[in-house]
Structures are given as structure tokens and as C-alpha cells.
Amino acid sequence: MTADEVREALGQKLKDRWSEYSAEMLRRPPAEIFERANEIAAARFCCDQLTESSISYPVEYLEYLLRFEDPLSVVRDQWASDQNVDCSDEFEHALWMIQNDSTAEQDYPLDPEWKPEQTGPSMC
């Protein structure tokens, strides 16, 4: 197969699998869909990368994925596994930015019932 044929074949397979996957998700109860949000986001990201950006990936990788019945699940599961890292430092930085930047107070409504005396270590 030529590189273009590989990309086209994989793109079609991914489109078909995404249609099946999304239809399967939509048959689930709403609470379960919310619980699986990270999986869904990983699947969407992988599908987009392999269809919209496939030209930037080595054709050998794409051709290898064609051997699988469901290449979307293969890539999604690996991607999700690779994303399972401790982000507590980054999250703490985000909290620090919120407090020190103070733009949140202009961008989001404040709780009119909040009183400064409600804060402090004893509240946790």
C-alpha cells in the first residue's frame, strides 16, 4: 500500500470505529457517560490525531494500526495509560495562579453569602 492508501484506509476504519463507539456511549445512562469522560476525551483526541494529523506520523505506525480490528481502542487505551500521571504539582500551581492572579474575581460571580470569617484551617 502507498502512504496515502494507508492513511485513507486507517482514516476510514477510525471513522467507522468512532461512529460505533459514540453510538455505544450514547446508549449508556448519563451518569456512566460522565464517569467515562476521560476515556471519551482520550478516544476523541486519538481519533482526531490519527485522522486530521496523520500526515505528520510515520506511515509505519499507521500501517501497524491497520492490523487491529479496532485501532481506536488500541491507541486510546495506550494514550490514556500514558496520561495517568501525578499532576498534583501542576494542580497546586493552578490554585496558586487563581489566588494570586485575582482575575477569577472579575471573571466569575462571587458567592454573596460568603463571609471572610468562614475561611481558615479550621474549616477543612
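Use the structure listed above.
Just so it is clear, the structure is predicted and the values come from calculations on it, not from any experiment.

Caption draft 1: Main features of the packing of helix H3 (residues 37-52) against helix H5 (residues 71-83). At their nearest, the axes of H3 and H5 sit 9 Å apart, and the two run at 120° to each other. The hand of the H3/H5 crossing is right-handed. Along the contact surface, H3 presents Glu39, Ala42, Ala43, Phe45, Cys46, Cys47 and Leu50, while H5 presents Leu72, Val75, Arg76, Trp79 and Ala80. In terms of residue class, the contact of H3 with H5 is made up of ten nonpolar, no polar and two charged.

Caption draft 2: Here's a closer look at the nonpolar core. Of all hydrophobic cores here, the largest spans 15 residues; its most connected members are Leu10, Leu14, Trp18, Leu50 and Leu72. For this core, the secondary-structure elements that each account for two or more residues are helix H1 (3-26), H3, helix H4 (59-65) and H5. With six residues, H1 is the single largest residue contributor to this core. For Leu50, the residues in contact, after removing those within four places along its chain, are Leu14, Leu62, Leu65 and Val75.

Caption draft 3: Structural detail: H5. Its 13 residues place the ends of H5 18 Å apart at the C-alpha level, agreeing with the 18 Å of an ideal helix rising 1.5 Å per residue. Looking at H5, one finds that the buried residues are Pro71, Leu72, Ser73, Val75 and Arg76. Those residues of H5 that are buried are in contact with H1, H3 and H4.

Caption draft 4: Region of the structure containing the packing of H1 against H5. It is the contact of H1 with H5, at a shortest axis distance of 8 Å, that shows an interaxial angle of 80°. Here H1 lies roughly perpendicular to H5, going by the angle between them. Contacts between H1 and H5 involve Leu10, Lys13, Leu14, Arg17, Trp18 and Tyr21 from the first element and Pro71, Leu72 and Arg76 from the second. Here the contact of H1 with H5 is composed, by residue class, of six nonpolar, no polar and three charged.

Caption draft 5: Broad picture of the pattern of salt bridges. Counted by the stated rule, this structure contains eight salt bridges. Here Asp77 and Arg76 are joined by a salt bridge, their closest N and O atoms 2.9 Å apart.

Caption draft 6: A look at the packing of aromatic side chains. Tallying each qualifying case throughout the model produces three aromatic pairs. Ring centres of Phe45 and Trp79 lie 4.9 Å apart, and the angle between their planes is 25°; on these two criteria the pair is classed as stacked. Taken together, the residues Phe45 in helix H3 and Trp79 in helix H5 connect sequence positions 34 residues apart. Looking at Phe45, the relative accessible area reads 36%, which means it is partly exposed. Between the aromatic rings of Tyr64 and Phe68, the centroid separation amounts to 5.5 Å while the plane-to-plane angle is 75°, which identifies the pairing as edge-to-face. For Tyr64, a relative accessible area of 44% puts it in the partly exposed group. Look at Phe68 and you get partly exposed, because its relative accessible area is 24%. Positioned above the aromatic ring of Trp18 is the side chain of Arg44, whose terminal nitrogen or guanidinium carbon lies 4.2 Å from the ring centre.

What counts and what doesn't
Residues numbered from 1 in each chain as written. Predicted model: local features only at pLDDT ≥ 70, side-chain atom pairs only at ≥ 80, totals over all residues. Heavy atoms only, no water. Axes fitted to C-alpha atoms, helices over the stretch in contact; angles between N-to-C directions. Helix = DSSP H or I, 4+ residues; strand = E, 2+ residues; numbered from the N terminus. Left-handed = near helix turned anticlockwise from the far one by under 90°. Contact = heavy atoms within 4.5 Å. Nonpolar A, V, L, I, M, F, W, Y, C, P; charged D, E, K, R; others polar. Core = buried A, V, L, I, M, F, W, Y, C linked by side-chain atoms within 4.5 Å. Buried < 20%, exposed > 50% of the residue type's maximum accessible area, 1.4 Å probe, protein only. Expected span 1.5 Å × (residues − 1). Parallel < 35°, antiparallel > 145°, perpendicular 65-115°, else oblique. Salt bridge = Lys/Arg side-chain N within 4 Å of Asp/Glu carboxyl O. Phe/Tyr/Trp six-rings, centres within 6.5 Å; stacked < 30°, edge-to-face > 60°. Lys NZ or Arg CZ within 6 Å of the ring centre and 35° of its normal.

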